[in-house]
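# Tertiary structure, described
Next come the chains, spelled out residue by residue.
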Amino acid sequence: MSRPLRLGVNIDHVATVRNARGGTHPDPVRAALLAIEAGADGITAHLREDRRHIRDEDIERLMASIDKPLNFEMAATEEMAAIALRHRPHAACLVPERREERTTEGGLDVVGNQDYLGPYVARLKEAGIRVSLFIGADKAQLDAAVAVGAPVVELHTGAYADAETPAAREAELSRLIAAAAYAAEIGLECHAGHGLSFDNVAPIAAIPTIVELNIGHFLIGEAIFSGLEPVLTEMRSRMDAARAVAGTPAA
Ligand code: PXP
């Protein structure tokens, strides 16, 4: 049985363009408000340690301006914990920023960092933040997510999106389907994202236990040609169509 499917819009690359000139235009908060008007169910922003796109004041302004959930992407560092605990966003997605935190699929190595992540996840949860872990489609990482107390995982779709042959793509899709099913079985809420576009979103949207997709780079890039609203409308309709085939209309 399928569940409703949410669309989270990642606005990082609006900030990338802004920062190229060092001023205030284009404003990622304006993009977030427009995305919400166009049907986004939430906004995702990654405050990187090097602040290469989103900045501290963007998070402050997003918290004050948007009326949909903010998914705050962050490395599992002390600096980011302090910022998350100060703002208390709806959700925090822990992502790897350094090589040693990362698995071969590019997800967070939860298995290898359980002792550190357990108390870290607990601190965020105690503050009422819904914690998700950005991981590869790997059973051991899913089991470790449960072990550290995370209620949510986001499956990394990068290997699927970047696959160079149809066979490789099919193989990655099969791994994602199996991982999403296993996540539901062990009680994890399952999200997915990275590298999703008009061309590759449907098979992911059709996976019945995935309840949220987080999409950024393609949407912001395509908006240069068509505008953010038509691009979001088109993405939503492709998600809905794939979900309808899977059994339940999108949220
Ligand atoms: N989900 C997570 C956890 C991410 O870190 C990102 C950004 O890399 C995305 C989703 C969105 O990926 P993209 O910008 O490729 O759509």
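Residues numbered from 1 in each chain as written. Predicted model: local features only at pLDDT ≥ 70, side-chain atom pairs only at ≥ 80, totals over all residues. Heavy atoms only, no water.

Scanning the protein for helices and strands turns up 11 helices and 8 strands. Over its C-alpha trace the protein gives a radius of gyration of 17 Å, about what one expects of a compact globule, namely 18 Å for 251 residues. For the protein, the spread of C-alpha atoms along the three principal axes comes to 45 × 40 × 30 Å. For the protein, with 251 residues in total, the buried portion stands at 53%. Within the protein, residue pairs in contact and separated by at least 24 positions form 66% of the contacts whose partners lie at least 6 positions apart. Of the roughly 11,000 Å² that the protein leaves accessible, carbon and sulfur atoms contribute 53%. In the protein, which carries 25 positive and 36 negative side-chain charges, the distance between the mean positions of the two groups comes to 2 Å. (Helix = DSSP H or I, 4+ residues; strand = E, 2+ residues; numbered from the N terminus. Rg over C-alpha atoms; globule rule 2.2 N^0.38 Å. Buried < 20%, exposed > 50% of the residue type's maximum accessible area, 1.4 Å probe, protein only. Contact = heavy atoms within 4.5 Å. Areas by Shrake-Rupley, 256 points an atom, 1.4 Å probe, with all protein chains shown as cover. Lys, Arg positive; Asp, Glu negative; His and termini not counted. Charge placed at Lys NZ, Arg CZ, Asp CG, Glu CD.)

On to unusual backbone geometry, then. Each neighbour pair has its own omega, and for histidine 25 with proline 26 the value is -5°, a cis peptide bond. Relative to the elements of secondary structure, proline 26 occurs in the loop between helix H1 (12-21) and helix H2 (28-37). Positive phi values are uncommon outside glycine, yet arginine 88 reaches one of about 50°. With phi around 110°, histidine 194 is a residue other than glycine that occupies positive phi space.

Looking now at the sheet that holds strand E6 (residues 152-156). Pairing is parallel in the closed barrel, where 8 strands are placed in the order E1-E2-E3-E4-E5-E6-E7-E8. Averaged over all pairs of adjacent strands, the angle between their axes in this sheet comes to 25°, without regard to strand direction. In the sheet, strand E2 (residues 42-46) pairs with strand E3 (residues 70-74) via 4 bridges, with the strands oriented parallel. Of the residues in E3, the one forming a bridge with alanine 45 is phenylalanine 72. The strands touched by helix H5 (residues 114-126) within the sheet are E3, strand E4 (91-94) and strand E5 (130-135), with E4 carrying the most contacts at an inclination of about 165°. (Pairing = 2+ DSSP bridges. Axes fitted to C-alpha atoms, helices over the stretch in contact; angles between N-to-C directions.)

The next thing to look at is the pattern of salt bridges. Under the definition given, this model contains 16 salt bridges. Arginine 18 is paired through a salt bridge with aspartate 58; the nearest N and O atoms lie 2.8 Å apart. Of the two residues, arginine 18 sits in helix H1 while aspartate 58 sits in helix H3 (residues 56-65), which places them 40 residues apart along the sequence. The exposure class of arginine 18 is buried, given its relative accessible area of 3%. (Salt bridge = Lys/Arg side-chain N within 4 Å of Asp/Glu carboxyl O.)

Let us look at the nonpolar core. In terms of nonpolar packing, the biggest core is built from 77 residues, with Ile43, Leu62, Leu94, Leu133, Ile204 and Leu213 touching the most fellow members. Beyond its immediate chain neighbours, meaning those up to four positions away, leucine 62 contacts Ile11, Val29, Ala32, Ile43, Ala45 and Leu70. (Core = buried A, V, L, I, M, F, W, Y, C linked by side-chain atoms within 4.5 Å.)

A few words on the pairing of strand E7 (residues 189-193). Here is the key point about a regular strand: its side chains alternate between the two faces of the sheet. Most of E7 is tucked away: 4 of the 5 residues are buried. In the sheet, E6 pairs with E7 via 5 bridges, with the strands oriented parallel. Residue pairing across strands places glutamate 154 opposite histidine 191, the latter belonging to E7. The sheet contact formed by E7 and strand E8 (residues 210-215) spans 4 bridges and is parallel. Within the sheet, the bridge partner assigned to cysteine 190 lies in E8 and is isoleucine 210.

Turning to the site of the ligand, a few remarks are in order. Neighbouring residues of the ligand: 13 residues in total, closest Glu73, Glu154, Gly195, Gly216 and His217. Between the ligand and the protein, one listed contact pairs an oxygen atom with a side-chain N or O atom of histidine 194 at 3.1 Å. Within the contact set of the ligand, an oxygen atom lies 2.8 Å away from a backbone nitrogen or oxygen of histidine 217. In isolation the ligand has 400 Å² of accessible area, and contact with the protein removes 89% of it. Class assignment for the residues of the shell around the ligand results in 4 nonpolar, 7 polar and 2 charged. (Near = heavy atom within 4 Å. Polar contact = N/O pair within 3.5 Å; in protein donor to acceptor, adjacent residues only side chain to side chain. Nonpolar A, V, L, I, M, F, W, Y, C, P; charged D, E, K, R; others polar.)

What follows concerns the packing of aromatic side chains. Inspection of every chain in the model, using the stated rule, returns 2 aromatic pairs. Where phenylalanine 198 meets phenylalanine 218, the ring centres are 4.8 Å apart and the plane angle is 70°; that geometry is what we call edge-to-face. Linking phenylalanine 198 in the loop between E7 and helix H9 (201-205) with phenylalanine 218 in helix H10 (residues 217-226), this pair joins segments that are 20 residues apart in sequence. Among the residues examined, phenylalanine 218 registers a relative accessible area of 22% and is labelled partly exposed. The ring of tyrosine 182 carries lysine 139 above its face, with NZ or CZ at 4.7 Å from the centroid. Above the ring of tyrosine 160, the side-chain terminus of arginine 169 is found at 5.2 Å from the ring centroid. (Phe/Tyr/Trp six-rings, centres within 6.5 Å; stacked < 30°, edge-to-face > 60°. Lys NZ or Arg CZ within 6 Å of the ring centre and 35° of its normal.)

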